[in-house]
Amino acid sequence: MKKDKPNGKKQRVVTTKTVVGMKENGEKIAMLTAYDYLVAKYLDQVGIDIILVGDSLGNVVHGYETTLPVTVDDMIYHAKAVKRAVKNALIVVDMPFMSFQTSIDDAVRNAGRIMKEVGVGAVKLEGGAYIADIVKHLVKIGIPVMGHLGLTPQAINKFGTYEVRATTKDEADELLSDAKVLADSGIFALVLEKIPSDLAKKVTDSIPIPTIGIGAGPHCDGQVLVVYDMLGLTEEFKPRFVRRYSELADTMRDAFKLYIDDVKSNTFPTKKESY
Ligand code: KIV
């Protein structure tokens, strides 16, 4: 179904099927994260394909050092705000740490809560071949799954760093094999985070479903960034894969300073701004 966008172009309602079709048609997929109503509304208005309610909200919204403390309730709370704003984009919600790794039953219960209580299009699970049975089961009961390989922040305590992943031949072979197993298990798309471009190309050429890269080079079928990174709000975080499309931290500080000055000097509010 196509609807009018503010710029007059027709905007489609994006489903998991649309996303798979985009790879087949050679159309790049644009995905960004969102955690609240207004950001989701503006992303949707300008035609983003996929909005990811990422568990990165643990870092950028809640200020945790890692994503591990994020709960299913946190994800549902933020996803509901996003859902209220979105008319066209596909919304994907991260399954947080320990919400699916423990058993197929837990995965079904928690993914089921996200799908039922929010009403989104899909969930995303971090992990390789060892989660294949969980993925297969979710897909079988009607819950579309996006995979996530490479730098998987929920496994930070295993790796100890946020450096580039799969740089040795053995690790690259394992990642490629994981990607094939996940694709065979029924995922509709796969996030590849912080891996060498050549490996991302190999994965992209080897599986029938789209790859969506973050720090994985230009050969992926789509790209994703954390929205606060690309807006320049997380100003200390400067990995080379983040292109800053704005410097909103500066813009916000400037606005806040002007407001403080206006209040202190009693130039706000004026008569026109009063009743
Ligand atoms: O949580 C998140 O925002 C993510 C993206 C970085 C892909 O998983």
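A brief structural summary.

Cut-offs and rules
Residues numbered from 1 in each chain as written. Predicted model: local features only at pLDDT ≥ 70, side-chain atom pairs only at ≥ 80, totals over all residues. Heavy atoms only, no water. Helix = DSSP H or I, 4+ residues; strand = E, 2+ residues; numbered from the N terminus. Rg over C-alpha atoms; globule rule 2.2 N^0.38 Å. Buried < 20%, exposed > 50% of the residue type's maximum accessible area, 1.4 Å probe, protein only. Contact = heavy atoms within 4.5 Å. Near = heavy atom within 4 Å. Polar contact = N/O pair within 3.5 Å; in protein donor to acceptor, adjacent residues only side chain to side chain. Nonpolar A, V, L, I, M, F, W, Y, C, P; charged D, E, K, R; others polar. Core = buried A, V, L, I, M, F, W, Y, C linked by side-chain atoms within 4.5 Å. Pairing = 2+ DSSP bridges. Axes fitted to C-alpha atoms, helices over the stretch in contact; angles between N-to-C directions. Salt bridge = Lys/Arg side-chain N within 4 Å of Asp/Glu carboxyl O.

**So, the overall build of the protein chain**
Link 1 in the chain: Counting its regular elements, the protein chain contains eleven helices and ten strands.
Link 2 in the chain: Here the C-alpha radius of gyration of the protein chain, 20 Å, is about what a compact globule of 275 residues would show, namely 19 Å.
Link 3 in the chain: Along the first, second and third principal axes, the C-alpha atoms of the protein chain reach 65 × 45 × 35 Å.
Link 4 in the chain: Across the 275 residues of the protein chain, 48% fall into the buried class.
Link 5 in the chain: Once local pairs closer than 6 in sequence are excluded, the contacts in the protein chain between residues at least 24 apart make up 57%.

**Things to note about the site of the ligand**
Link 1 in the chain: Taken together, Thr-33, Leu-52, Gly-54, Asp-55, Ser-56, Asp-94, Lys-124, His-148, Val-191, Glu-193, Ile-214 and Val-226 make up all the residues around the ligand.
Link 2 in the chain: In this structure, an oxygen atom belonging to the ligand sits 2.5 Å away from a side-chain N or O atom of Ser-56.
Link 3 in the chain: Between the ligand and Lys-124, the relevant distance is 2.9 Å, taken from an oxygen atom to a side-chain nitrogen or oxygen of the residue.
Link 4 in the chain: Class assignment for the residues of the shell around the ligand results in four nonpolar, four polar and four charged.

**Things to note about the nonpolar core**
One broad trend across soluble globular proteins is that nonpolar side chains are buried collectively.
Link 1 in the chain: Counting residues in each nonpolar core, the largest one holds 62 residues, and the members touching the most others are Ile-51, Val-123, Leu-125, Leu-190, Leu-192 and Val-203.
Link 2 in the chain: Sequence-distant contacts of Val-123, defined by excluding residues within four places in its chain, comprise Val-92, Val-93, Met-95, Ala-111, Ile-114, Met-115, Ile-143, Pro-144, Val-145 and Met-146.
Link 3 in the chain: Counting 17 residues, the second-largest nonpolar core is a separate cluster that includes Leu-52, Leu-90, Val-191 and Ile-214.

**Regarding the sheet that holds strand S5 (residues 90–94)**
Sheet strands associate in pairs through backbone hydrogen bonding, adopting either a parallel or an antiparallel arrangement.
Link 1 in the chain: Strand order around the closed barrel formed by eight strands is S3-S4-S5-S6-S7-S8-S9-S10, with parallel pairing between neighbours. Direction aside, the axes of adjacent strands within the sheet are offset by 25 degrees on average.
Link 2 in the chain: Examined bridge by bridge, strand S7 (residues 145–150) and strand S8 (residues 189–193) share five bridges and lie parallel to one another. When the bridges of S8 are listed, Gly-150 appears paired with Glu-193.

**Concerning the side chain of Gln-154**
Link 1 in the chain: Mapped onto the elements of the fold, Gln-154 is located in the loop between S7 and helix H7 (156–159).
Link 2 in the chain: Given a relative accessible area of 6%, Gln-154 falls into the buried group.
Link 3 in the chain: Among the polar contacts listed, one links the side chain of Gln-154 to the side chain of Gln-101, at a separation of 3.0 Å.
Link 4 in the chain: If near-sequence neighbours (up to four positions away) are discounted, Gln-154 is found in contact with Asp-55, Thr-67, Leu-68, Met-95, Pro-96, Phe-97, Phe-100, Gln-101 and Glu-126.

**Section: the pattern of salt bridges**
Link 1 in the chain: Summed over all chains, the structure comprises twelve salt bridges.
Link 2 in the chain: Salt-bridge contacts for Glu-27 lead to Arg-12; the nearest nitrogen and oxygen are separated by 2.6 Å. In this pair, Glu-27 is assigned in the loop between helix H1 (16–25) and strand S3 (29–33) and Arg-12 in strand S2 (residues 10–12), connecting sequence segments 15 residues apart.
Link 3 in the chain: By relative accessible area, which is 25% here, Arg-12 ends up partly exposed.
Link 4 in the chain: Where Glu-247 meets Arg-244, a salt bridge forms, and the shortest distance between an N and an O atom there is 2.8 Å.
Link 5 in the chain: With relative accessibility at 38%, the residue Glu-247 sits in the partly exposed group.

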